[in-house]
Amino acid sequence: MCTYTNRQGLVFATAESIGNRCGLKREQVLNAFTKFKQLGLIRDLEKKWQLHQISKWKTGRRQVLYLDGLDEVPKGEELPAVAFSHMDKEHQEQYQAQAESKVTTPEIRVDMQYLQVLDLAVSSALGQPVHYSRQEYQKYMQGKDLKLKFDIVFPKARAFIEQHKRVPKIHEIMGEL
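The written sequence of each chain sets the order in which its residues are numbered from 1. The predicted origin of the model limits local features to residues at a pLDDT of at least 70 and limits the giving and counting of side-chain atom pairs to 80 or more, whereas totals for whole chains, interfaces and linings rest on all residues. Excluding hydrogens and water, the side-chain values take into account all heavy atoms of the structure.

Remarks on the confidence of the model for the chain
So, point 1. Here pLDDT means the predictor's own confidence in every residue, given as a number from 0 to 100. Predicted confidence across the chain gives a mean pLDDT of 77, with 71% of residues reaching 70 or more.
So, point 2. Throughout, a contact is declared for two residues whenever any of their heavy atoms are within 4.5 Å. Contacts for the low-pLDDT stretch residues 78–85, under 50 throughout, to residues beyond four places or in other chains number 20 contacts.

Focus: the packing of helix 4 (residues 113–126) against helix 6 (residues 150–164)
So, point 1. Closest axis-to-axis distance for the helix 4/helix 6 pair is 8 Å, and the angle between their directions is 45°. When the interaxial angle is binned, helix 4 and helix 6 end up oblique. Of the two possible hands of crossing, helix 4 and helix 6 adopt the one that is right-handed. The segment helix 4 lies against helix 6, with Val117, Leu118, Leu120, Ala121, Val122, Ser124, Ala125 and Leu126 engaging Phe150, Val153, Phe154, Ala157, Arg158 and Ile161. Here an angle of 0 to 180 degrees is reported between the N-to-C directions of two axes, which are lines fitted to C-alpha atoms, with helices fitted over the stretch in contact. Strands are runs of DSSP state E lasting at least two residues, helices are runs of H or I lasting at least four, and both sets are numbered from the N terminus onward. Any angle that is under 35 degrees is reported as roughly parallel, and any over 145 degrees as roughly antiparallel; angles of 65 to 115 degrees are reported as roughly perpendicular and all others as oblique. The hand of a helix crossing depends on one turn: near helix anticlockwise from the far one by less than a right angle means left-handed, and clockwise means right-handed.

What about the nonpolar core?
So, point 1. Judged by nonpolar contacts, the single largest core of 19 residues is most densely connected at Leu118, Val122, Tyr137 and Met174.
So, point 2. Elements supplying a minimum of two residues to this core: helix 4, helix 5 (134–141), helix 6 and helix 7 (170–175).
So, point 3. Membership of the second largest hydrophobic core comes to nine residues, among which are Val11, Ala15, Val29 and Val64. In this text, buried Ala, Val, Leu, Ile, Met, Phe, Trp, Tyr and Cys residues form a nonpolar core when linked through side-chain atoms within 4.5 Å. For each residue, the accessible area found with a 1.4 Å probe, counting protein chains only, is set against the maximum for its type, and the residue is called buried under 20%, exposed over 50%, and partly exposed in between.

Here it is as structure tokens:
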């Protein structure tokens with residue numbers, strides 16, 4: 001449980017998360033919390049709404065007491081505590097939509113017609129079929145505006161193959177252009 005606390009000893013994980021970490025069921029963790037309270041190792045704090053919380057229930061909070069109960073009650077802390085298993089469907093979908101809206105991946109278009117030119121030129125230089133992966137080509141070509149032509153790629157591929165005695169990787173052949 002102490003691995004899930006901040007400097008003031010405030011526990012920021014749910015009982016379910018703590019149980020998953022140590023191989024216990026949620027009820028077993030809650031029973032342990034009760035024993036820890038009786039021993040003076042933790043105390044319950046006022047339930048409250050947490051920062052960016054979507055759940056419709058206030059979050060229970062606990063504090064680990066490191067200094068024999070002399071620890072100050074933390075003030076003004078905000079913890080992003082959300083337990084998906086206790087959310088209703090509507091709130092869970094709303095939270096996921098909110099999270100997904102914050103993660104945007106820019107769609108970068110790569111002209112794939114030049115991959116065929118690259119495959120054909122290197123295959124001709126090697127004398128056997130070569131097929132570079134689409135993902136590797138897209139990754140290399142992002143942000144680059146290269147117009148590949150057979151008569152430019154072929155001699156570079158031929159020279160590379162003669163020198164290194166192997167098929168060039170995309171970055172090796174494209175770096176030569």
